[in-house]
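An overview of the molecular structure
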Amino acid sequence: MLELVANKPRRVGFGVMQVPAIWFTAVAAVLALSACGAPSTTASTASSPSSAASGSPATASTDACPTQLTPAQTEGPYFKPGSPPRTSLIESGMTGTRLLLSGRVLTLACAPVAGVTLDFWQADAGGTYDNSGYRLRGHQSTDAAGRYSLETIVPGEYPGRTEHIHVKLRAPGKAVLTTQLYFPDVASNQQDSIFDPHLLVTMQSTATGKAATFDFVTSG
Ligand code: FE
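Overview of the structure. Sequence order as written defines the numbering, with residues in each chain counted from 1. For this predicted model, a pLDDT threshold of at least 70 governs which residues receive local features, and a threshold of 80 or more governs which side-chain atom pairs are given and counted, while totals over whole chains, interfaces and linings are taken from all residues.

A few words now on the pairing of strand β7 (residues 177–182). Every C-beta atom is placed from the backbone, and the number of other C-beta atoms within 10 Å of a residue's own sets its class: buried at 20 or more, exposed at 12 or fewer, partly exposed in between. Only runs of H or I of at least four residues qualify as helices and only runs of E of at least two qualify as strands under DSSP, and these elements are numbered from the N terminus. Of all 6 residues making up β7, 5 are buried, and the element is well covered by its neighbours. Between any two strands, at least two bridges found by DSSP are needed for them to pair. Bridge count for strand β6 (residues 164–170) against β7 is 6 bridges, and the pairing is antiparallel. Bridging across to β7, lysine 168 finds its partner in threonine 178. In textbook terms, the turn of a hairpin is the stretch between consecutive antiparallel strands, and for β6 and β7 this stretch comprises 6 residues, one of which, glycine 173, has a positive phi near 75 degrees.

Written out as structure tokens, the structure reads:
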């Protein structure tokens, strides 16, 4: 069974030790590179700036090895099979904040997993799903380095649900993992009964909108 984990930044307890900051920085860099190989091109800092605001654990980024399995989440009522293969869900006239979501699929040992199909679906900026067609739906496969990249928009909220993107991951010979991704610093996160801070992306502002990273991790 495919089990995926949130890639929580590795915290090795230096916070309670009297260790010179420069030494910590050097050791952290060596650990990241030796254990995980070269960081993803989409890598960002290891800690999520949202953590303090949300009161949740630091979230996934692409420069640290995973430490626990990603939780599965409900598929919800709006999944449709047969989405088109595409890495951009942007269409002419589409409103909303542009979002580049990227990351990797890794094993717990930090090995990339190639050929995993990620099938994304989400609401539009107004919180509405396209249930007749395939607007804001699409799938792609991870490359040899386990990477994926999706151009889309930040989804809108709808009654009972905070901002989220649904995804199904299918690895060859493995069971499907269905889960959802969430966004930091969204007030409605705390009112959503299935919100899970382990599924928070790491978010940054860019010149054109937002860039988010999240690493999915399989047990192998
Ligand atoms: Fe939904």
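On we go from here.
Strand pairing in a sheet is mediated by backbone hydrogen bonds. Such pairs are either parallel or antiparallel. Read from one edge to the other, the open sheet built from 4 strands follows the order β4-β3-β6-β7, with strand pairing classed as antiparallel. Single-partner strands in this sheet number two, and they are β4 (137–141) and β7. Averaged over all neighbouring strand pairs, the angle between strand axes comes to 25 degrees, with direction disregarded. The sheet contact formed by strand β3 (residues 117–122) and β6 spans 6 bridges and is antiparallel. Across the sheet, threonine 117 pairs through a bridge with arginine 170, a residue of β6. Only the contacting stretch of a helix is used when fitting its axis, a line to C-alpha atoms as for every element, and angles between N-to-C directions run 0 to 180 degrees.

A set of buried residues drawn from Ala, Val, Leu, Ile, Met, Phe, Trp, Tyr and Cys, joined through C-beta atoms within 7 Å, is what defines a nonpolar core. Within the largest apolar cluster, 32 residues are counted, with the highest numbers of intra-cluster contacts made by Leu169, Leu181 and Val201. Taken together, the elements giving at least two residues each to this core come down to β2 (98–107), β3, β5 (147–153), β6, β7 and β10 (216–218). Counting residues per element, this core draws most heavily on β2, at 4 residues.

Below, the discussion takes up the environment of alanine 145. Here alanine 145 is to be found in the loop between β4 and β5. Judged by the 15 C-beta atoms lying within 10 Å of it, alanine 145 falls in the partly exposed class. In this structure, the C-alpha to C-alpha distance between alanine 145 and alanine 111, residues 34 residues apart in sequence, is 8.6 Å. A pair of residues counts as a contact when their C-beta atoms, built from backbone coordinates, are separated by no more than 7 Å. The contacts of alanine 145, once residues within four sequence positions are left out, are Arg104 and Pro112.

When you tally the buried positions in β3, you get 5 out of 6 residues, the bulk of the element. Sheet topology places β3 next to β4; 5 bridges connect them, and they run antiparallel. Residue pairing in the sheet places tryptophan 121 in a bridge with arginine 137 of β4.

Next up on the list: the environment of serine 102. Topologically, serine 102 is positioned in strand β2. By C-beta crowding, serine 102 is classed as buried, having 21 other C-beta atoms within 10 Å. It is 6.1 Å that separates the C-alpha atoms of serine 102 and leucine 150, two residues lying 48 residues apart in sequence.

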